[in-house]
Amino acid sequence: MDINKYYEKLSRQSQEIFELTLSDFNKELSKSHYLCGCIYDFTEEIIRVNEEPCALKNAISQFETSLYCLTMGLYRQANSCLRLGFELALGSIQFSANKLEYLEWQIGKQDVKWHKIIDDENGVLSIRFCNVFNSDLVENTAVFNKRASAIYRILSEFVHGNNETWNKDGLQLTYHKDLASNFFKSFNEVSEIILFTLSIRYLKNLDLDNVDFIRTELSHIETIRIYLGGPK
């Protein structure tokens, strides 16, 4: 086949998937884009109070890339980018409490390490970390730590190429409504965990008038709802 025709065919297939995805998941795409904006707004607030933003904007870029890949039918790549963004976001929060590691990361001598991020005793969702930055949320950390590990495992299946994911994704560029639906569930889960972890690290340092999105997204957590002026 002529190489131009080959890639033109792929382009047409991607456009068909794009149109189907927008038709079936318009609300989900809108919500996911909104959640990216929430994390971005949190990042802007952190910068405003002179905290280190670390890799948060890098993470947002990966979330946007994951959504783009999804609309093109690149489901494996969408999940992989979502996992990377998840790592970068939580890694950024970890680096904010470890200045030396952050500076080493900037010059390429430190990596974002998931096992350190999620460590039960010293990670960003540990009681030790929470006690230092927002002890009011201690009772929620263990649950969110387990949720973070669980969703990371799901996303990692696509990164590592587990056999089950090949059965789901296939080897051809085609529309998979079930994979898109599962992706949005993962996106929502990742976003809530990140916003909760950001709340542990930064919420008590921020102007409450500038975090309305936290009221919207995390008001089901009683401690946060009350702290932001909501009902008990």
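Note that the coordinates shown come from a computational prediction; the quantities given were computed from them, not determined experimentally. (Residues numbered from 1 in each chain as written. Predicted model: local features only at pLDDT ≥ 70, side-chain atom pairs only at ≥ 80, totals over all residues. Heavy atoms only, no water.)

(A) A look at the packing of helix α2 (residues 26-48) against helix α10 (residues 177-202). For the pair α2 and α10, the least separation of the axes is 10 Å and the interaxial angle reads 15 degrees. Regarding the angle of α2 to α10, the classification is roughly parallel. α10 is crossed by α2, and the crossing has left-handed handedness. In contact with E28, L29, K31, S32, L35, C36, C38, I39, F42 and I46 of α2, α10 contributes F184, F187, N188, S191, I194, L195, L198, S199 and Y202. When grouped by side-chain class, the residues that make up the contact of α2 with α10 number 13 nonpolar, four polar and two charged. (Axes fitted to C-alpha atoms, helices over the stretch in contact; angles between N-to-C directions. Helix = DSSP H or I, 4+ residues; strand = E, 2+ residues; numbered from the N terminus. Parallel < 35°, antiparallel > 145°, perpendicular 65-115°, else oblique. Left-handed = near helix turned anticlockwise from the far one by under 90°. Contact = heavy atoms within 4.5 Å. Nonpolar A, V, L, I, M, F, W, Y, C, P; charged D, E, K, R; others polar.)

(B) Quick peek at the pattern of salt bridges. In the structure shown here, the tally under the stated rule is eight salt bridges. Here E44 and K57 are joined by a salt bridge, their closest N and O atoms 3.1 Å apart. Of this pair, E44 sits in helix α2 while K57 sits in helix α3 (residues 56-71), and the two are 13 residues apart along the sequence. What makes E44 partly exposed here is its relative accessible area of 31%. Residue K57 is classed as partly exposed on the basis of its relative accessible area, which comes to 39%. One salt bridge in this structure joins K116 and E101, with 2.9 Å as the shortest N-O distance. Residue K116 is located in helix α6 (residues 114-117), and its partner E101 is located in helix α5 (residues 99-106); the two are separated by 15 residues in the primary sequence. Judged by its relative accessible area of 17%, E101 is buried. (Salt bridge = Lys/Arg side-chain N within 4 Å of Asp/Glu carboxyl O. Buried < 20%, exposed > 50% of the residue type's maximum accessible area, 1.4 Å probe, protein only.)

(C) Looking closely at the side chain of T21. Locating T21 in the fold gives a position in helix α1 (residues 3-24). Under the relative-accessibility criterion, T21 is labelled buried at 0%. Excluding residues within four positions of it along the chain, T21 makes contact with N26, L29, L70, T71 and Y175.

(D) Quick peek at the side chain of N145. By the element assignment, N145 lies in helix α8 (residues 138-160). The class for N145 is buried, based on a relative accessible area of 6%. Residue contacts for N145: discarding those within four places in its chain leaves I118, D119, D120 and L125.

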